[in-house]
Amino acid sequence: MEPAKDRGEHDRCFLRGWVGGVGVAIFLLIYAGLEMWNFPLTMATLYDDDGPILYAQQFREPSLFAGDCQTGTDLATRLPFKLWTTAMNWIPALGWRFLDVNPYHATWLLTLVQGLGIAFAVYLLTLSLAGRRSLAFAAMVFACLAAPWIWAPANYGNDRSWNFMPYPANLALASALLAFRSLAISRPKAALGWLAVTAV
């Protein structure tokens, strides 16, 4: 009789986990759809055109930008620092120059990964620490709507909409949270791996 009870409890846990996973997936799809629908406008209104597409274009055809300045600095001087310090910039640039992949599409994909990665990493970290799917789901929704990582005196104007704006610090946030989660569940090698991804 006892094994049957155990099987029944296992089946209920599996069903709750499956339903919870579907709920998370549906929320993330709706969230990404709402935030990414105006991505062309987001890219068109970047301050001082400081984004991956500019650096990809300059990396591919530097002669087009000869003598151009950005925030008072020559673009040719800024390019190495902007390009090689974050995957948000060098992935579209390398793809455009060597593989002829439009930097808009690469930037769109990286930005989608950035926004969804933050949300899902918050969910996994909370689930690992609290052990409750409902609490992890609530924490994920709160993080998506409130973006608590911007609540700092150093914040210079970003808000939750930056979750889906190409921004290197936000791209690194998900892997940093997953590194903390790996430490919390006693997986130091995985934590080092996620920290390496964060550094890229």
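Scroll up to find the structure.
Quick notes on the rules
- Residues numbered from 1 in each chain as written.
- Predicted model: local features only at pLDDT ≥ 70, side-chain atom pairs only at ≥ 80, totals over all residues.
- Heavy atoms only, no water.
- Helix = DSSP H or I, 4+ residues; strand = E, 2+ residues; numbered from the N terminus.
- Contact = heavy atoms within 4.5 Å.
- Areas by Shrake-Rupley, 256 points an atom, 1.4 Å probe, with all protein chains shown as cover.
- Salt bridge = Lys/Arg side-chain N within 4 Å of Asp/Glu carboxyl O.
- Buried < 20%, exposed > 50% of the residue type's maximum accessible area, 1.4 Å probe, protein only.
- Axes fitted to C-alpha atoms, helices over the stretch in contact; angles between N-to-C directions.
- Parallel < 35°, antiparallel > 145°, perpendicular 65-115°, else oblique.
- Left-handed = near helix turned anticlockwise from the far one by under 90°.
- Nonpolar A, V, L, I, M, F, W, Y, C, P; charged D, E, K, R; others polar.
- Core = buried A, V, L, I, M, F, W, Y, C linked by side-chain atoms within 4.5 Å.
- 1 Å grid on protein atoms, 1.4 Å probe; cavity = no way out; pocket = protein on both sides within 12 Å on 5 of 7 lines; lining within 4 Å.
- Points joined across faces, edges and corners; volume = space filled by probe spheres on them.
- Patch = residues over 30% accessible without salt bridge, like charges linked within 9 Å, V, L, I, M, F, W, Y side chains within 5 Å.
- Expected span 1.5 Å × (residues − 1).

(A) Focus on the overall build of the protein chain. A tally of regular secondary structure across the protein chain gives nine helices and two strands. Secondary structure of the protein chain in N-to-C order comes out as α-α-α-β-β-α-α-α-α-α-α. By sequence separation, contacts in the protein chain at least 24 residues apart represent 59% of the contacts at least 6 residues apart. For the protein chain, the exposed area adds up to about 11700 Å²; of that, 68% sits on carbon and sulfur atoms.

(B) The pattern of salt bridges, seen in detail. Scanning the model with the defined rule gives two salt bridges in all. Between Arg60 and Asp100 there is a salt bridge, with its nearest N and O atoms 2.8 Å apart. Highlighted residues: Arg60 in helix α3 (residues 52-60) and Asp100 in the loop between α5 (87-98) and α6 (103-130), separated in sequence by 40 residues. Judged by its relative accessible area of 52%, Asp100 is exposed.

(C) View of the packing of helix α8 (residues 168-184) against helix α9 (residues 188-199). With their axes 8 Å apart at the nearest point, α8 and α9 run at an angle of 170° to one another. Between α8 and α9, the angle is such that the two are roughly antiparallel. The two elements α8 and α9 meet at a crossing, and its hand is left-handed. Contact residues: α8 offers Ala172, Ser175, Ala176, Leu178, Ala179, Ser182 and Leu183, while α9 offers Pro188, Ala190, Ala191, Trp194, Leu195, Val197 and Thr198. A per-class count over the contact of α8 with α9 returns 11 nonpolar, three polar and no charged.

(D) Main features of the nonpolar core. Ranked by internal contacts, the top residues of the largest apolar core, which has 18 residues, are Ala119, Met140 and Phe164. For this core, the secondary structure elements donating two or more residues are α1 (2-36), α2 (39-44), α6 and α7 (133-146). When near neighbours in sequence (up to four residues on either side) are disregarded, Ala119 contacts Leu28, Tyr31, Met140 and Cys144.

(E) Structural view of the layout of surface pockets. Its volume calculated, the largest pocket comes out at about 370 Å³. If you list the elements that add at least two residues to the lining of the largest pocket, you get α3, α4 (75-84) and α5. Residue composition of the lining of the largest pocket, by class: 11 nonpolar, six polar and four charged. In this structure, the second largest pocket occupies an estimated 270 Å³ of space. Taken together, 17 residues form the lining of the second largest pocket, with Leu171, Ala172, Ala174, Ser175 and Val197 sitting closest to its centre. Those elements that place two or more of their residues in the lining of the second largest pocket are α6, α8 and α9. Its residues assigned to classes, the lining of the second largest pocket comprises 11 nonpolar, six polar and no charged.

(F) Molecular detail of a nonpolar patch on the surface. Taken together, Trp18, Val19, Val22, Ile26, Ile30 and Leu34 make up a surface patch of nonpolar side chains, about 600 Å² in accessible area. Checked against the element boundaries, Val22 lands in helix α1.

(G) Structural view of unusual backbone geometry. In this structure, Asp100 takes a positive phi of about 60° despite not being glycine. With a phi angle near 45°, Ala147 is a residue other than glycine that sits in the positive phi range. Among the structural elements, Ala147 can be located in the loop between α7 and α8.

(H) Spatial organisation of the packing of α3 against α4. The N-to-C vectors of α3 and α4 enclose an angle of 115°; their axes lie 10 Å apart at closest approach. Between α3 and α4 the crossing geometry is left-handed. Contact with α3, carried on its side by Leu54, Tyr55, Gln58 and Phe59, involves Leu75, Ala76, Arg78, Leu79, Lys82, Leu83 and Trp84 of α4 and no other residues of that element. By residue class, the composition of the contact of α3 with α4 is eight nonpolar, one polar and two charged.

(I) Seen up close, α7. Here α7 is 14 residues long and its end C-alpha atoms lie 20 Å apart, about the 20 Å a rise of 1.5 Å per residue gives. Where α7 ends, the next residue or the one after it, Ala147, has phi of about 45°, a positive value.

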